[in-house]
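A structural walkthrough
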Amino acid sequence: DAGVTQSPTHLIKTRGQQVTLRCSPKSGHDTVSWYQQALGQGPQFIFQYYEEEERQRGNFPDRFSGHQFPNYSSELNVNALLLGDSALYLCASSLGGATEAFFGQGTRLTVV
Amino acid sequence: AQSVTQLDSHVSVSEGTPVLLRCNYSSSYSPSLFWYVQHPNTGLQLLLKYTSAATLVKGINGFEAEFKKSETSFHLTKPSAHMSDAAEYFCVVSTSNTGNQFYFGTGTSLTVIP
């Protein structure tokens, strides 16, 4: 079992550009959540996808959007990048309403 | 509303001595509580979880935590620290009414001195 996989592992973008991050959930999991972890902080919830729909959303602007595919994999898109978007982006997968979640290694995004 | 307060941003212990990482939570509903560990350049690994069963929870690598509702605490302990325990530790709360959205504390950095 490969667990939760994220790609790419590192990314450098210029302010104003757009970025897409990808996540493949743990085998058998149908729910994907995305978190942003700024340097020295705890992860902050961005949104959660279940059955290809956004089920919940945290306090993030509309520049942050996502998608879930029929195979349960997910993408996180960020438009009009700001320097403050530089962070580690973590994907977590779980099964339906289960309380336990498994995290990927994260994508380190640097905006210059 | 749900929130977590990790009372120490940094803890330093000698190898072989006990570890105590403190966490207080706030929740309007019956919470699920977790401790995750994060080593440099890696993702988050689940150490243990409390989901309304036994209040003393045993996890991996010799860690355990006790849920104390009266004190709204969920402190993480280990009898004897190992060098490999040096990492960042996060206390997390979630509730079913929030769709199991995780609320993280700000983290405690554990240093183990040889």
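For clarity, every value in this text was computed on a predicted model and none was experimentally measured.

Details of the interface of chain B and chain A
When the parts come together, some accessible area is lost, and that loss is often what is quoted as the size of the interface. Of the residues lining the interface, 19 residues belong to chain B; the matching set on chain A comes to 19 residues. Buried area between chain B and chain A, summed over both chains or domains, comes out near 1500 Å², and the portion from carbon and sulfur atoms is 49%. Joining chain B to chain A, the criterion identifies one salt bridge. The closest approach of N and O atoms between Glu100 of chain A and Lys49 of chain B, which form a salt bridge, is 2.6 Å. Summed over the shared surface of chain B and chain A, the number is five residue pairs in polar contact (both at pLDDT 80 or more).

Some thoughts on the nonpolar core
Counting residues in each nonpolar core, the largest one holds 26 residues, and the members touching the most others are Trp35, Leu48, Leu76 and Tyr89 of chain B. At four residues, the largest contribution of residues to this core is made by strand S10 (residues 87–94) of chain B. Grouped together as the second largest cluster of nonpolar side chains are 20 residues, Leu21, Tyr49, Ala87 and Tyr89 of chain A included.

Focus on the state of the cysteines
Residues and elements named next belong to chain A. Inspection of the entire model under this criterion finds two disulfides over all chains. Disulfide pairing is shown between Cys23 and Cys91; the S-S distance is 1.8 Å. Taking the sign of the S-S torsion, -60 degrees for the link of Cys23 and Cys91, the bridge is left-handed. Note that Cys23 is positioned in strand S3 (residues 19–24) and Cys91 in strand S9 (residues 87–94), a separation of 68 residues in sequence. Since its relative accessible area comes to 0%, Cys91 is described here as buried.

Parameters and conventions
- Residues numbered from 1 in each chain as written.
- Chains lettered and ligands numbered in written order.
- Predicted model: local features only at pLDDT ≥ 70, side-chain atom pairs only at ≥ 80, totals over all residues.
- Heavy atoms only, no water.
- Contact = heavy atoms within 4.5 Å.
- Buried area = accessible area lost by both parts, 1.4 Å probe.
- Salt bridge = Lys/Arg side-chain N within 4 Å of Asp/Glu carboxyl O.
- Polar contact = N/O pair within 3.5 Å; in protein donor to acceptor, adjacent residues only side chain to side chain.
- Core = buried A, V, L, I, M, F, W, Y, C linked by side-chain atoms within 4.5 Å.
- Buried < 20%, exposed > 50% of the residue type's maximum accessible area, 1.4 Å probe, protein only.
- Helix = DSSP H or I, 4+ residues; strand = E, 2+ residues; numbered from the N terminus.
- Disulfide = S-S within 2.5 Å.

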